[in-house]
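# A look at the structure
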Amino acid sequence: MSMRFTVRAPRGLLALTMAAGLAVGAVGCGSGGEDDKPQAPTASASKGGGGSVASAQEGQSQAPLAELRGPDGLLFDVASAQRDSGGFVTVNGSIKNDGAKSAVLPSQMSGDETEIIKHGQSLGGATLVDSNGKKRYYVLRDTDGRPLTTVGLTTIESGQTIPVFMQFPAPPADTTDVTLQLPTFSSGTVKISG
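Below is a summary of the structure that appears in this document. Nothing here was measured: the structure is a model prediction, and the numbers come from that model.

### Some points on the overall build of the chain
When you go through the chain residue by residue, the secondary structure sums to 4 helices and 10 strands. When the helices and strands of the chain are placed in sequence order, the string is α-α-α-β-β-β-β-α-β-β-β-β-β-β. Within the chain, the fraction of its 194 residues that count as buried is 31%. Total accessible area computed for the chain in this model is approximately 12400 Å², and 54% of it derives from carbon and sulfur atoms.

Below is the structure:
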């Protein structure tokens, strides 16, 4: 025979704890509704004084750093290649379907490494090549082997544009020009900023 003891928290304390948790969750998530209007950037953010990295959408208003042409009318526009103090480079851009019909993204874009392929379609096959330093930099992976790139890319409809990113180990600080290679696409020279 066993005796079980339970302690009951006062209902008011339980309600207060749940309300506080929901409030923190609501603030962290934001509403994300369609009626929300985008906020205009502040003067310091638009001048780059805030130290934040521009997203793929922000960089698209300017001329791309490079245009890589792929099969079936696919076009990869590189918007930025930003060096971070953490020792990596983030490449932002977009893949657009300029063709007349929907295009299936080539599976070769994921590369041929088993560790990356098992996590699904990605841009894991991309590399940065430092010709002067004679080094090739592969897409970074997390501790589970997932590539630090946009994942889940399969089909792009005609005229559709999808923002994408990739992260690589940073070349030496004096290396500013690298060649971006993405399987089945043409190569392009990209200038690293930061």
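### Quick notes on the pattern of salt bridges
Here the structure, examined in full by the defined rule, presents 6 salt bridges. Close ionic contact of D144 with R146 constitutes a salt bridge, the shortest N to O distance being 3.2 Å. Via salt bridges that share partners, D142, D144 and R146 belong to a single interconnected network.

### Comments concerning the sheet that holds strand 6 (residues 135-138)
Strand order across the open sheet formed by 4 strands is 6-5-9-10, with antiparallel pairing between neighbours. Edge strands, defined here as strands with exactly one partner in the open sheet, are strand 6 and strand 10 (188-191). Taken pair by pair, the neighbouring strands of this sheet meet at an average axis angle of 35 degrees, ignoring direction. Here 4 bridges tie strand 9 (residues 177-181) to strand 10, and the two strands are oriented antiparallel to one another. Within strand 10, the position partnered with L180 by the bridge is G188.

### Description of the nonpolar core
F76, I95 and L180 are the most contacted members of the largest nonpolar core, which has 29 residues in total. Setting aside anything within four residues of it in sequence, one finds F76 in contact with A66, E67, L68, G93, S94, I95, V164, M166, L180, L182 and F185.

### Concerning the environment of G87
If you trace the backbone, G87 turns up in the loop between strand 2 (74-83) and strand 3 (88-97). Separated by 82 residues in sequence, G87 and P169 have C-alpha atoms that sit 6.2 Å apart. Among residues more than four places away in sequence, those in contact with G87 are F168, P169 and A170.

### Examining the side chain of D130
Counting through the fold element by element, D130 comes out in strand 5 (residues 127-130). The side chain of D130 sits in the buried core without any salt bridge; K135 is the nearest counter-charge, 7.5 Å away. Residues contacting D130, with those up to four places away along its chain left out, are K135, Y137, P172, T175 and V178.

Reading the values: the criteria
- Residues numbered from 1 in each chain as written.
- Predicted model: local features only at pLDDT ≥ 70, side-chain atom pairs only at ≥ 80, totals over all residues.
- Heavy atoms only, no water.
- Helix = DSSP H or I, 4+ residues; strand = E, 2+ residues; numbered from the N terminus.
- Buried < 20%, exposed > 50% of the residue type's maximum accessible area, 1.4 Å probe, protein only.
- Areas by Shrake-Rupley, 256 points an atom, 1.4 Å probe, with all protein chains shown as cover.
- Salt bridge = Lys/Arg side-chain N within 4 Å of Asp/Glu carboxyl O.
- Pairing = 2+ DSSP bridges.
- Axes fitted to C-alpha atoms, helices over the stretch in contact; angles between N-to-C directions.
- Core = buried A, V, L, I, M, F, W, Y, C linked by side-chain atoms within 4.5 Å.
- Contact = heavy atoms within 4.5 Å.
- Lys, Arg positive; Asp, Glu negative; His and termini not counted.

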